[in-house]
Amino acid sequence: MTEPRLVVLRGRRLTATVLVGDGVPELVAVGHPADGPTAAYTSTAVPHGGLDARVPLGVVAEESVGHLGRPGIAGARDDGSGWSPRFSVREAEHDEHRFVCTLTDPVAELELEIRIRVDDVVVVECRLTNTGASSYTVHRLAPSIPMPHTATDLVTFHGRWVREFHTTREPWHGLRVVENRRGRSSHQSPPALIAGTEGFGEQHGQAWGAQLAWSGNHDLAAEVLADGRRHLQLGELLLPGEVVLEPGESYTTPDVIVAWSDRGVTGVSRAWHAHARSIVPAEGPRPVTMNTWEAVYFDHDLDRLCALADVGAEVGVERFVLDDGWFGGRRDDTAGLGDWWVSPDVWPDGLDPLIDHVLGLGMEFGLWVEPEMVNPDSELYRAHPDWTLTTAGYDPVVGRHQLVLDFGMPDVRDHIVDAISRLLSNHRISYLKWDMNRDIVQGSHEGRPGVHGHVLGLYEVLDRLRRRHPRVEIESCASGGGRPDLGILAHTARVWTSDCNDALERQEIQRGFTTLLPPEIMGAHIGPPRSHTTGRRQSLRFRAATALFGHLGIEWNLLDASEDERRGVAAAIALHKRLRPLLHGGDVTRGDHPDQAALVHGVVAGGREHAVFAYVQMATARASVPAPLRLDGLDPDSRYRVSVITDLGEPRLAARGRPDWIETTIEASGAFLAGHGLPMPVLDPESCLLVECHRTG
Ligand code: DGJ
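Residues numbered from 1 in each chain as written. Predicted model: local features only at pLDDT ≥ 70, side-chain atom pairs only at ≥ 80, totals over all residues. Heavy atoms only, no water.

## Re the sheet that holds strand β10 (residues 144–147)
The sheet built from four strands is open, its strands ordered β10-β17-β16-β13 with antiparallel pairing. Where the open sheet ends on each side, the last strands, each with one partner, are β10 and β13 (175–180). Ignoring which end each strand starts from, the neighbouring axes of this sheet average 10° apart. With seven bridges connecting them, strand β16 (residues 218–224) and strand β17 (residues 230–236) associate as antiparallel partners. (Pairing = 2+ DSSP bridges. Helix = DSSP H or I, 4+ residues; strand = E, 2+ residues; numbered from the N terminus. Axes fitted to C-alpha atoms, helices over the stretch in contact; angles between N-to-C directions.)

## A word on the environment of Y431
Relative to the elements of secondary structure, Y431 occurs in strand β26 (residues 431–434). Put simply, Y431 and F365 are 66 residues apart on the chain and 6.7 Å apart in space, counted from C-alpha to C-alpha. In this structure, Y431 is in contact with R319, V321, F365, G366, L367, V472, E473, E475 and R494, ignoring residues within four places of it in sequence. A distance of 3.1 Å separates a polar atom in the side chain of Y431 from a polar atom in the side chain of E475. (Contact = heavy atoms within 4.5 Å. Polar contact = N/O pair within 3.5 Å; in protein donor to acceptor, adjacent residues only side chain to side chain.)

## Side note on the pattern of salt bridges
Evaluated as defined, the whole model comprises 47 salt bridges. Among the salt bridges present, the one from D153 reaches R169, with a minimum N-O distance of 3.1 Å. Taken together, the positions of D153 in strand β11 (residues 151–160) and R169 in strand β12 (residues 163–171) put the pair 16 residues apart, joining distant regions of the chain. A relative accessible area of 11% places D153 in the buried class. Overall, the relative accessible area of 41% leaves R169 in the partly exposed class. A salt bridge links R413 to E460; the shortest N-O distance between them is 3.1 Å. Residue R413 is found in helix α7 (residues 410–426), and its partner E460 is found in helix α8 (residues 451–468); the two are separated by 47 residues along the sequence. The exposure class of E460 is partly exposed, given its relative accessible area of 29%. Here the salt bridges share partners, and the residues they tie into one network are D324, R330, D333 and R400. (Salt bridge = Lys/Arg side-chain N within 4 Å of Asp/Glu carboxyl O. Buried < 20%, exposed > 50% of the residue type's maximum accessible area, 1.4 Å probe, protein only.)

## Describing the environment of D301
Secondary-structure assignment places D301 in the loop between α3 (293–296) and α4 (302–315). By relative accessible area, which is 35% here, D301 ends up partly exposed. With 45 residues separating them along the chain, D301 and V346 place their C-alpha atoms 7.2 Å apart.

## Side note on the sheet that holds strand β31 (residues 522–526)
Through backbone hydrogen bonds, the strands of a sheet pair up, either in parallel or in antiparallel fashion. Reading around the barrel, the eight strands line up as β21-β22-β23-β26-β29-β30-β31-β32 and close back on themselves, with parallel pairing between neighbours. Each strand axis lies, on average, 30° off the axis of its neighbour in the sheet, ignoring direction. In this structure, strand β21 (residues 289–291) lies alongside strand β32 (residues 551–554), joined through two bridges in parallel fashion. From the neighbouring strand, M290 faces β32, where its bridge partner is I554. Across the sheet, helix α5 (residues 352–360) touches β22 (319–322) and β23 (364–369), and the angle it forms with β23 is around 140°.

## Some words on the packing of aromatic side chains
Throughout the structure, instances matching the rule amount to nine aromatic pairs. With centroids separated by 5.3 Å and ring planes inclined at 85°, the aromatic side chains of W293 and F298 adopt a geometry described as edge-to-face. Seen from their ring centres, W326 and F327 are 5.0 Å apart, and the 70° between their planes marks the pair as edge-to-face. Note on W326: relative accessible area 0%, which makes it buried. (Phe/Tyr/Trp six-rings, centres within 6.5 Å; stacked < 30°, edge-to-face > 60°.)

## Some remarks on empty space enclosed by the protein
Empty space among the atoms can be located by rolling a probe the size of a water molecule over them. For the coordinates displayed, the defined rule picks out five cavities of 30 Å³ or more. Lining the largest cavity, in full, are Q507, Q510, R511, T514, P519, M522, F549, V588, T589, H601, G602 and V603. Secondary structure elements with two or more residues in the lining of the largest cavity: α9 (503–516), β33 (587–590) and β34 (598–604). If one sorts the elements of the lining of the largest cavity by residue count, α9 sits on top with four residues. Residue composition of the lining of the largest cavity, by class: five nonpolar, six polar and one charged. (1 Å grid on protein atoms, 1.4 Å probe; cavity = no way out; pocket = protein on both sides within 12 Å on 5 of 7 lines; lining within 4 Å. Points joined across faces, edges and corners; volume = space filled by probe spheres on them. Nonpolar A, V, L, I, M, F, W, Y, C, P; charged D, E, K, R; others polar.)

## Description of unusual backbone geometry
Located in the positive-phi region is E109, a residue other than glycine, with phi close to 60°. Mapping E109 onto the fold places it in the loop between β6 (98–105) and β7 (110–118). The backbone phi angle of Y297 is positive, close to 50°, even though this residue is not glycine. By secondary structure assignment, the location of Y297 is in the loop between α3 and α4.

## A look at α7
Compared with the 24 Å implied by 1.5 Å per residue over 17 residues, the 24 Å span of α7 between its first and last C-alpha is a close match. Taken together, the buried positions of α7 are V412, R413, I416, V417, A419, I420, S421, L423 and L424. (Expected span 1.5 Å × (residues − 1).)

## A closer look at the site of the ligand
Around the ligand, a shell composed of 13 residues is seen, among which D323, D324, K433, D435 and D499 lie nearest. The separation between an oxygen atom of the ligand and a polar side-chain atom of D324 is 2.6 Å. One of the side-chain N or O atoms of W368 is found 3.1 Å from an oxygen atom in the ligand. Against a free-state accessible area of 290 Å², the protein chains account for coverage of 97% of the ligand. Residues of the shell around the ligand, tallied by class, amount to four nonpolar, three polar and six charged. (Near = heavy atom within 4 Å. Areas by Shrake-Rupley, 256 points an atom, 1.4 Å probe, with all protein chains shown as cover.)

## As for the packing of α4 against helix α11 (residues 563–585)
Direction vectors running N to C along α4 and α11 enclose 55°, while the axes themselves pass 8 Å from each other. Here α4 lies oblique to α11, going by the angle between them. Only R566, V569, A570 and I573 of α11 make contact with α4, whose side of the interface consists of V311, E314 and V315. Here the residues of the contact of α4 with α11 sort into five nonpolar, no polar and two charged. (Parallel < 35°, antiparallel > 145°, perpendicular 65-115°, else oblique.)

## Quick look at the environment of M363
The topology assignment puts M363 in the loop between α5 and β23. Using a relative accessible area of 3% as the deciding quantity, one classes M363 as buried. Linking M363 and G82, residues 281 residues apart in sequence, is a C-alpha distance of 59 Å. Residues in contact with M363, not counting those within four places in the same chain, are A309, G312, A313, V317, E318, R319, F320 and V358.

Structure follows, in structure tokens:
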């Protein structure tokens, strides 16, 4: 028996402490270094009524050693053997930031590799290989991330179409499972969990977050074991028989990305953002976008779209994106998906006249596609009815009149790569909005569940297209925010956050989104005065101040807008461009404001020299004089000049008196601004105060 030892992996924002002995290594702590005496981990109380020795909780939790919670590995051979493997270390090596360990189980005839690396976050990945002579079906392989006993509160994510990224906080007892079986990471439950010390907030308490970098089905668990230990377990949800390893084959888990902070959830977000910024394939400033969807829907007309582009260019738009409706027989959402050629009915001279016009105005041109889909009413389906993710012998379940192509099939992947590539080669397109508008139901590939293969196929197709067309950026859209995860973000540059452009809804959606992912990949559009998805009316000031913080766009038929409104949009775009380096490169901050009717968020530059904050009045303030606005994240020892941003017009104030600083500027220390805060005026509901800070000394 080898004497167990502790390996401490150090990153920029956290450490991971791994206990390495003969069996599966245990990740014993994430956060502060925990390299105390090894015996503190190896010799613990053995309770009555239980097993006779301490039960390890490995990075892959094994039933075979007495772990009677959720196992991290589940699977079997056809004769039932191999269902509860027990691995022994063959070799383990590490440096200051990385740990790699290979383990074997000669009885189950399996090999397991565990990789842990630490930088801004801890990344855990496992690979299982079948070393036997018969096939091995994998049911689950999911790493366990330990949480301390003090992590008693849990936050989960949930939502639906037009209401994504909402959170629920609950006391963490027993086992809480979050499953997603929709075939995409989903509006319903993006793959993330956050645990924290009692009452943890945006700016206080310890918090640990874990995201699964995967764009298909997932199975997340937060478990308190009978002995009081806690762990988060995140893995792909594998459908029955979905992953069968033939001799010599391997299954690799999606990365689990763990972030930690001892200063609340904002700190966790910053670590996740740093990680996302290191993987997202995008360069340079994010161009202000005009998207045609809510402006014209399927009603494509060259003259009207050119006129829309003219107004876009006038107000400062930098990228014009033609949405759904330009191809095949696509006159509405019942037909045409799969036929990726320009419709001669609607575009008799092709897309070039529009592209010429857009480029002539100095903007980039982008195009909508939905390559994973096919309408039964399409040339592609008529030619290849067998290319879909369906199950032979059953009528397929359609969604938005469409079926999913089976990206697990090499022929399908080749066809799509060629079709989209042709489009990109024949047109001056620098941006694709890649949509995915339905869940996957009964999706079989060669008679077995095919979601896993579809997701891997999707990643491959995106990579092949990016290699062929390295200057084309791709956006991940799935009926709005149905596929927002750190898996797709290694292949795409932006996420369409939600089909809801209502600013009130957006404030909450975007707060949830930026908890997980950075603001520059968050598509945020100024919609028309009356929201298409909620019917609410909001001022341009409120709509613009809400969209300002993301990757800004306009999704509104500006041909219908008044001169005044166009001037307002131009001012919003100019403000966004001025603040863009800060908004898209700085550290996000979210406040713990005492009034539930208000939200506070902002961005602080990495060097703390510049910051912008939003105080958002969501509903009528609870108190007649609102609580002070505290500005978190500034350098406490520096002084700042603080002023209200009026580029979007004067804030609507709902009281006679107002604090002086609203109309002048004020100078104060970072410590004062975070600790005491500034007196607030009374704002109307659905309005917003933007505040800018510059360091003066
Ligand atoms: C769903 C997307 O979320 C919308 O923005 C739009 O592109 C439509 N699909 C087009 O069909």
